[in-house]
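# Chain and residue survey
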Amino acid sequence: MNKTRSTQTYALPERSERADYIRRNFDAIASNYDRFNDWITFGAHRLWKRRAIDRTALRPGPVALLDLCCGSGDLSLQAARRLGPEARITALDFSEGMLGVLRDRMAQWSAADRRSFGRITTVAGDATDLSAFADGSFDAITISFGLRNVQDRARCLSECRRALKDGARLVILDVGQVKSAFVSFFHRLYFERIVPRIGFLTHRGKHEMYEYLPASAKIYPDQETLKGELMQAGFASVSYRNVMLGAAVIHVAQK
């Protein structure tokens, strides 16, 4: 496989090969992914996802939420608990392995959970092609640590805007750029040197996907650039809020 940009000894695959590469490798690490996220964020990612749900401005009731690039379903599960039994959550990802983990987690629900939680439907699909959903289908769309894996962000954002109801919000939680040079040095050291090793421990062996993750963060747009891309896609009232000094960031964009 030809390689392009590198971090350490790892190099991202060519853009044309990246989608299949990501899908195949996310399938391979799916069973360890939750533990990996817990370890590298000390569990804080679950709080950040809770904040992202808050930023959708949804309230319990008959609302429709699309959790795009849902992964193993952390945000979908939190939304199901918080939005109540009338809520309809569509959890979409292109990794069947990740969706399988989400289905296994849902299978552990008690009878009481099933009566009080929103209904989650898992869908294997492409974040850049939401043609299965009519215009104005959703009251909110969330993307949690997944947009940086989408190869055509402009098309994805356009599809999100089309699928949202007027006035509804797109909420994106992902990595950000730390502005402080002092903090950035230690953040970069942790993310590029320590995080892959944590991944190898959770996987019980070396796997290149844990090197891909920090490498993908380096080519992801910074806070202001992504804000500009959202405005270019036609969204209004675009804002963002930094988390952990900008190590993560929540963007909110309204149709």
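Quick note: structure is the one above.
Described below are features of the structure shown in this document. Please read all numbers here as calculations on a predicted model, not as lab measurements.

### Here's the deal with the packing of aromatic side chains
- Tallied over the full model, the rule gives seven aromatic pairs.
- Through pairs of rings, three or more aromatic residues link up here, namely Phe26, Tyr33, Phe36 and Tyr210.

### Quick word on the sheet that holds strand E8 (residues 236-243)
- Pairing is mixed across the open sheet formed by seven strands, whose spatial order is E5-E4-E3-E6-E7-E9-E8. Of all the strands in the sheet, just strand E5 (119-124) and E8 have a single pairing partner and so form its edges. If you compare each strand with its neighbour and ignore which way they point, the axes differ by 15° on average.
- Bridging between strand E3 (residues 64-68) and strand E6 (residues 138-144) involves four bridges; their strand directions are parallel. Looking at E6, one finds that Leu66 is bridged to Ile141.

### Looking at the pattern of salt bridges
- Counting across every chain of the model gives 15 salt bridges.
- As a salt-bridge pair, Asp74 and Lys49 come within 3.2 Å of each other at their nearest N and O atoms. Pair noted here: Asp74 is in helix H3 (residues 74-83) and Lys49 is in helix H2 (residues 44-55), with a separation of 25 residues, a long-range link.
- Given the relative accessible area of 4%, Asp74 is considered buried.
- You can call Lys49 buried: its relative accessible area is 7%.
- The shortest N-O distance in the salt bridge between Asp74 and Arg105 comes to 2.7 Å. Taken as a pair, Asp74 in helix H3 and Arg105 in helix H4 (residues 96-107) lie far apart in primary sequence, 31 residues in all.

### Thoughts on the packing of helix H1 (residues 15-41) against helix H8 (residues 209-218)
- Relative to each other, H1 and H8 sit at 95°, their axes nearing to 10 Å. When the axis of H1 is compared with that of H8, the two are roughly perpendicular. In this structure, H1 uses Tyr21, Ile22, Asn25, Phe26, Ile29, Asn32, Tyr33 and Phe36 to contact H8, whose residues at the interface are Met209, Tyr210, Tyr212 and Leu213.
- A class-by-class count of the residues in the contact of H1 with H8 yields ten nonpolar, two polar and no charged.

### What about the nonpolar core?
- Ranked by size, the top nonpolar core spans 80 residues in total, and within it Leu68, Ile120, Ile141, Ile143, Leu147, Leu170 and Leu230 carry the most contacts.
- Ranked by residue count, the leading element in this core is H1, at eight residues.
- With sequence-adjacent residues up to four places away left out, Leu230 is seen in contact with Leu157, Leu170, Ile172, Phe235, Val238, His251 and Ala253.

### As for the environment of Arg18
- Structurally, Arg18 is set in helix H1.
- Sequence separation of Arg18 and Asn149 is 131 residues, and the distance between their C-alpha atoms is 8.6 Å.

### What about the environment of Leu83?
- Following the sequence through the fold, Leu83 ends up in helix H3.
- Using a relative accessible area of 3% as the deciding quantity, one classes Leu83 as buried.

### Considering the side chain of Gln223
- With respect to the helices and strands, Gln223 occurs in helix H9 (residues 223-232).
- From its side chain, Gln223 meets the backbone nitrogen of Gln177 in a polar contact 3.0 Å long.
- The contact partners of Gln223, leaving out residues within four places of it in the chain, are Gly176, Gln177, Tyr240, Asn242, Gly246, Val249 and His251.

### So, helix H6 (residues 153-163)
- By the burial criterion, the buried members of H6 are Arg153, Cys156, Leu157, Glu159, Cys160 and Ala163. With its buried residues spanning 160° around the axis, H6 presents them on a single face.

### Concerning unusual backbone geometry
- Not every positive phi belongs to a glycine, and Phe42 is a case in point at roughly 55°.
- Considering the arrangement of structural elements, one finds Phe42 in the loop between H1 and H2.
- Non-glycine residue Ala57 carries a positive phi angle of around 65°.
- With respect to the helices and strands, the residue Ala57 is situated in the loop between H2 and E3.
- With relative accessibility at 39%, the residue Ala57 sits in the partly exposed group.

About the criteria used
By convention here, each chain's residues receive numbers from 1 onward along its written sequence. At least 70 in pLDDT is required for a residue's local features to be given in this predicted model, at least 80 for side-chain atom pairs to be given and counted, and no such filter applies to totals for whole chains, interfaces and linings, which use all residues. Hydrogen atoms and water are omitted, and side-chain values are computed over all heavy atoms in the structure. Only the six-membered ring of Trp is used, alongside the rings of Phe and Tyr, when aromatic pairs are assigned; centres must lie within 6.5 Å, and planes under 30 degrees apart are stacked while those over 60 apart are edge-to-face, with the rest tilted. Any two strands with at least two DSSP-identified bridges between them are counted as paired. Numbering of helices and strands starts at the N terminus; helices are DSSP runs of H or I of at least 4 residues and strands are runs of E of at least 2. Each axis is a line fitted through C-alpha atoms, and for a helix only the stretch in contact is used; angles between axes span 0 to 180 degrees, taken between their N-to-C directions. The rule for a salt bridge is simple: a side-chain nitrogen of Lys or Arg has to be within 4 Å of a carboxyl oxygen of Asp or Glu. Per-residue accessibility, obtained with a 1.4 Å probe over protein chains only, is compared with the maximum for each type, and a residue is labelled buried under 20%, exposed over 50%, and partly exposed between these values. What sets the label is the angle itself: under 35 degrees gives roughly parallel, over 145 gives roughly antiparallel, 65 to 115 gives roughly perpendicular, and the rest give oblique. We call two residues contacting when some pair of their heavy atoms lies within 4.5 Å. Residue polarity is assigned by list, with Asp, Glu, Lys and Arg as charged and Ala, Val, Leu, Ile, Met, Phe, Trp, Tyr, Cys and Pro as nonpolar; anything else, Gly included, falls into the polar class. Nine residue types can take part in a nonpolar core, namely buried Ala, Val, Leu, Ile, Met, Phe, Trp, Tyr and Cys, and a core is a set of them joined through side-chain atoms within 4.5 Å. By the criterion applied in these results, polar contacts are pairs of N or O atoms within 3.5 Å in which, for protein atoms, one can donate a hydrogen and the other can accept it, and in which residues neighboring in sequence qualify only through two side-chain atoms. An arc is given here, and it is the one of the directions from the helix axis to the C-beta atoms.

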